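# Reading the structure
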Amino acid sequence: MGRTMWKAVVAGGAALVFTGVAGVPAGAAEGGVAFSRVSVNGGKPIVIGGQERVEVHAVFRMTTKLRYDLGPMVFPYRGTTENAETVQSAIIGSDCKVVDSAKGICDFEEWLYIDPRDLDFGNEDAGTWRTAAQVYLPGDTQDIDDVNLPLRIQRATRVTVDASPEPVAVGKTITVTGRVTRANWDTHTYQGYAGRTVSLQFKASGASSYKTVRTATSSATGALRTTVKATGPGTWRWTYYGDTTSAAASSAGDYVATQVRVLHSAYRRVLHSA
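Once a new chain begins, its residue numbering starts again from 1 and follows that chain's sequence as written. Only residues with pLDDT of at least 70 are given local features in this predicted model, and only at 80 or more are side-chain atom pairs given and counted; all residues enter the totals for whole chains, interfaces and linings. Values reported for side chains reflect all heavy atoms of the structure, with hydrogen atoms and water molecules removed beforehand.

## Side note on the overall build of the protein chain
- Numbering of helices and strands runs from the N terminus; a helix is a DSSP stretch of H or I covering at least four residues, while a strand is a stretch of E covering at least two. Of the regular secondary structure elements, the protein chain holds one helix and 23 strands.
- Accessible surface is estimated by sampling points in the Shrake-Rupley manner with a 1.4 Å probe; for residues, cover comes only from the protein chains shown. When the accessible area of the protein chain is evaluated, it comes to approximately 13,600 Å², of which 50% is carbon and sulfur surface.

Structure representation (structure tokens):
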């Protein structure tokens, strides 16, 4: 299936996120075009960092017997389809993969690009968007539909961890620190994310998954700190489960070995009494 550059659009401000797959076909519009089977990024949120351009893969089906000049394409929007605010910097669309030529049914792939460095892209664009499908018809006309697919734009989140001391005696205190930050699309940096509830998780040696031990709230600078008792060797990490505007993220794991304490004085007393 070939690719064609359909159009470039100046980004209006956000990162693109599709959170589902359209379940029913959109109705045919005045132009006699219907869009269905729309899926973007596999139904997952689109997460945008501070500086990196993101490629978003989409698939959809178009049904029409009309000749068209440009497109078709799907994209996130706010406002109305007649006066839409958009975020993409470019869209590359595939050629038609014929499903039923008699009925005019084609499947398409699309690669949509979002660049947080675009002039109008900013923090206010994080959140919920809608999805539109569009095709240009002869005579400077077009068909544009809302395809009933909500989508979410999220700022990338980063989390760090440090557990100490290493090693530690069983029963002694481990101090676990870290920091949660998120992308600032206005400054193109990562800044501390304050007031976030972040889960401290532990994976014991030999275990296959992490378990949440407790939670902590990030400080004004995004700093995290808590203490726990060492029960055995294993790996510690922080996990933030995300929110409407910011993505979920987990830190790398920090392995802490443990040592069994030997009570020498008690041992000597037992030998003496014997």
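## Digging into the pattern of salt bridges
- Any carboxyl oxygen of Asp or Glu within 4 Å of a side-chain nitrogen of Lys or Arg constitutes a salt bridge here. The final tally for this structure, using the stated rule, is five salt bridges.
- Of the charged contacts, one joins Asp115 and Arg117 as a salt bridge, the two residues approaching to 3.0 Å between their closest N and O atoms.
- As a salt-bridge pair, Arg130 and Asp146 come within 2.9 Å of each other at their nearest N and O atoms. Of this pair, Arg130 sits in strand E10 (residues 127-137) while Asp146 sits in strand E11 (residues 141-146), and the two are 16 residues apart along the sequence.

## Structural notes on the pairing of E11
- In this analysis, strands are considered paired if DSSP registers two or more bridges between them. Judged from the six bridges that link them, E10 and E11 form a sheet pairing that is antiparallel. The residue of E11 that forms the bridge with Leu137 is Thr141.
- Here E10 hands over to E11 after three residues, with Gly139 in that stretch at a positive phi of 80°.

## A few points about the state of the cysteines
- When the sulfur atoms of two cysteines come within 2.5 Å, that pair is taken as a disulfide. In the structure shown here, the tally under the stated rule is one disulfide.
- One disulfide in the model links Cys96 with Cys106; its S-S distance is 1.9 Å. Because the torsion about its S-S bond is -75°, the bridge between Cys96 and Cys106 counts as left-handed. Separated by 10 residues along the polypeptide, Cys96 in the loop between strand E7 (90-94) and strand E8 (97-100) and Cys106 in strand E9 (residues 105-114) bring together distant segments of the chain.

## Observations regarding the packing of aromatic side chains
- Here a Phe, Tyr or Trp ring, Trp counted by its six-membered ring, pairs with any other such ring whose centre lies within 6.5 Å, and the pair is stacked when the planes are under 30 degrees apart, edge-to-face when over 60, and tilted otherwise. Applying the stated criterion across every chain, the model contains five aromatic pairs.
- Centroid distance Tyr193 to Tyr240: 5.9 Å. Interplanar angle 80°. Geometry classified as edge-to-face. Of this pair, Tyr193 sits in the loop between strand E16 (189-192) and strand E17 (197-204) while Tyr240 sits in strand E20 (residues 234-240), and the two are 47 residues apart along the sequence.
- On the basis of relative accessibility, which here comes to 8%, the residue Tyr193 falls in the buried class.
- Residue classification places Tyr240 among the buried positions, given a relative accessible area of 5%.
- Note on Phe202 and Trp236: the rings are 4.4 Å apart at their centroids and 40° apart in plane angle, and the pair reads as tilted. Here Trp236 lies in strand E20 and Phe202 lies in strand E17, a separation of 34 residues in the sequence. Judged on exposure class, the residue Phe202 and its partner Trp236 are both buried.
- Put simply, the rings of Phe35, Phe60 and Phe108 pair up and form one aromatic cluster.
- A positively charged side chain is recorded as over a ring if its NZ (Lys) or CZ (Arg) lies within 6 Å of the ring centre. The angle to the ring normal must also be within 35 degrees. Positioned above the aromatic ring of Tyr193 is the side chain of Arg196, whose terminal nitrogen or guanidinium carbon lies 4.6 Å from the ring centre.
- Here the basic side chain of Arg237 rests over the ring of Tyr210, its NZ or CZ set 3.8 Å away from the ring centre. Exposed residues in this analysis have more than 50% of their type's maximum accessible area, buried residues have under 20%, and partly exposed residues fall in between, with area computed by a 1.4 Å probe over protein chains only.

## A closer look at the side chain of Arg182
- The residue Arg182 is located in strand E15 (residues 173-184) in this model.
- Charge counting follows a simple rule: Lys and Arg are positive, Asp and Glu are negative, and His as well as the terminal groups are ignored. No salt bridge forms around the buried Arg182; measuring N to O, its nearest opposite-charge neighbour Asp243 is 5.1 Å away.
- We call two N or O atoms a polar contact when they sit within 3.5 Å, provided that within protein one can donate a hydrogen and the other can accept it, with sequence-adjacent residues counted only if both atoms are side-chain atoms. Among the polar contacts made by the side chain of Arg182, one reaches the side chain of Thr245 at a distance of 3.4 Å.
- Beyond its immediate chain neighbours, meaning those up to four positions away, Arg182 contacts Arg155, Ala156, Thr157, Thr189, Tyr190, Gln191, Tyr193, Thr245 and Ser246. Every residue pair with non-hydrogen atoms within 4.5 Å of one another is taken to be in contact.

## Quick notes on the environment of Thr245
- Inspection of the secondary structure puts Thr245 in the loop between E20 and strand E21 (249-250).
- As a C-alpha pair, Thr245 and Val47 span 198 residues in sequence and 9.6 Å in three-dimensional space.
- In this view, Thr245 contacts Ala126, Gly127, Ile153, Gln154, Arg155, Arg182 and Tyr193; residues no more than four positions away in its chain are not counted.

## Notes on a negative patch on the surface
- Patch membership is restricted to residues that have no salt bridge and whose relative accessible area is over 30%. Joining uses 9 Å for like charges and 5 Å for the nonpolar side chains Val, Leu, Ile, Met, Phe, Trp and Tyr. Lys charges are placed at NZ, Arg charges at CZ, Asp charges at CG and Glu charges at CD. Taken together, the side chains of Glu85, Asp120, Glu124 and Asp186 define an acidic patch exposed on the protein surface.
- Of note, Asp120 is situated in the loop between E9 and E10.
- For Asp120, a relative accessible area of 42% gives the class partly exposed.

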